[in-house]
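Breakdown of the fold
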Amino acid sequence: MHRFTISLMGALLSIPLVTAAVGATNAKVTPITRSERCIDLNRQVDEALETHAAATQVTAAKALQRKGNRFCANKKQAQGIRMLANALKLLGVTPIDPVQ
């Protein structure tokens, strides 16, 4: 009977740990808005322009960045996001998805 009591106590003590781990995986992730994505990609382009200043496509990337920012400002974020992502690709940089 003594072993059974110890086993039962061990099992009962581990239940909160299991439920805490399961609860952590069910946390809701808030997706970012398209406006926030525009801001994030614009920042990435700015950083890429600083670190890749010698790239041959800098002028074209800057033009795409301006066009993308205009789209984003005019409530056409999907087009703006595409332009900003293309500006990064011209610089040889892969757009970084935001951590959610």
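Rules and cut-offs
- Residue numbering note: each chain is counted from 1, following its sequence as written.
- Residue-level local features of this predicted model are given only where pLDDT is at least 70; pairs of side-chain atoms are given and counted only at 80 or more, and the full residue set underlies all totals for whole chains, interfaces and linings.
- Only heavy atoms go into the side-chain values, all of them from the structure, while hydrogens and water stay out.
- pLDDT expresses, on a scale from 0 to 100, how confident the predictor is about each individual residue.
- Here a residue-residue contact requires only that any non-hydrogen atoms of the pair lie within 4.5 Å.
- The rule for a disulfide is simple: a pair of cysteine sulfur atoms within 2.5 Å.
- Only DSSP runs of H or I reaching four residues or more are called helices, and only runs of E reaching two or more are called strands; each is numbered from the N terminus.
- Three labels apply to residues, based on accessible area from a 1.4 Å probe with only protein chains included: buried if under 20% of the type maximum, exposed if over 50%, partly exposed otherwise in between.
- Expected helix span is given by 1.5 Å per residue-to-residue step, counting one fewer step than there are residues.
- Directions drawn from the helix axis to the C-beta atoms are what define this arc.
- The axes are straight lines fitted to the C-alpha atoms, using for helices just the contacting stretch, and the angles between their N-to-C directions are given from 0 to 180°.
- Roughly parallel covers angles under 35 degrees, roughly antiparallel covers those over 145, roughly perpendicular covers 65 to 115, and oblique covers all other angles.
- Here a crossing is called left-handed whenever its near helix is offset anticlockwise from the far helix by less than a right angle, and right-handed whenever the offset is clockwise.

A few words now on the confidence of the model for the protein chain. Per-residue confidence for the protein chain gives a mean pLDDT of 82, with 72% of residues at or over 70. In this model, residues 17-22 is a region of pLDDT below 50 whose contacts with residues beyond four sequence positions or in other chains number zero contacts.

It is worth spelling out the state of the cysteines at this point. As enumerated under the stated definition, the model contains one disulfide in all. Between the sulfur atoms of C38 and its disulfide partner C72 the distance amounts to 2.0 Å. Around the S-S axis, the bridge from C38 to C72 shows a dihedral of about -80° and counts as left-handed. Separated by 34 residues along the polypeptide, C38 in helix α2 (residues 34-51) and C72 in helix α3 (residues 58-73) bring together distant segments of the chain. Neither C38 nor C72 differs from the other in exposure class; each is buried.

This part is about α3. Under the 1.5 Å per step criterion, the end-to-end length of α3 is 22 Å for 16 residues, consistent within 8% with the ideal 22 Å. Residues of α3 that are buried include every one of V58, A61, Q65, G68 and C72, and no others. In an axial view of α3, the angular spread of the buried residues amounts to 80°, which keeps them on one side of the axis. Buried-residue contacts for α3 involve α2 and α4 (77-90). Count one or two residues on from α3 and you reach K75, which has phi positive near 65°.

For the pair α3 and α4, the least separation of the axes is 7 Å and the interaxial angle reads 165°. As judged from the angle between their axes, α3 and α4 are roughly antiparallel. In this structure, α3 meets α4 at a crossing whose hand is left-handed. For the pair formed by α3 and α4, the contact residues are A60, A61, L64, Q65, K67, G68, N69, F71 and C72 on the first element and Q77, Q79, G80, I81, M83, L84, N86, A87 and L90 on the second.

Mapped onto the fold, Q65 is located in helix α3. Ignoring anything within four residues of it in the chain, the contact list for Q65 reads N42, V45, D46, L49, L84 and A87.

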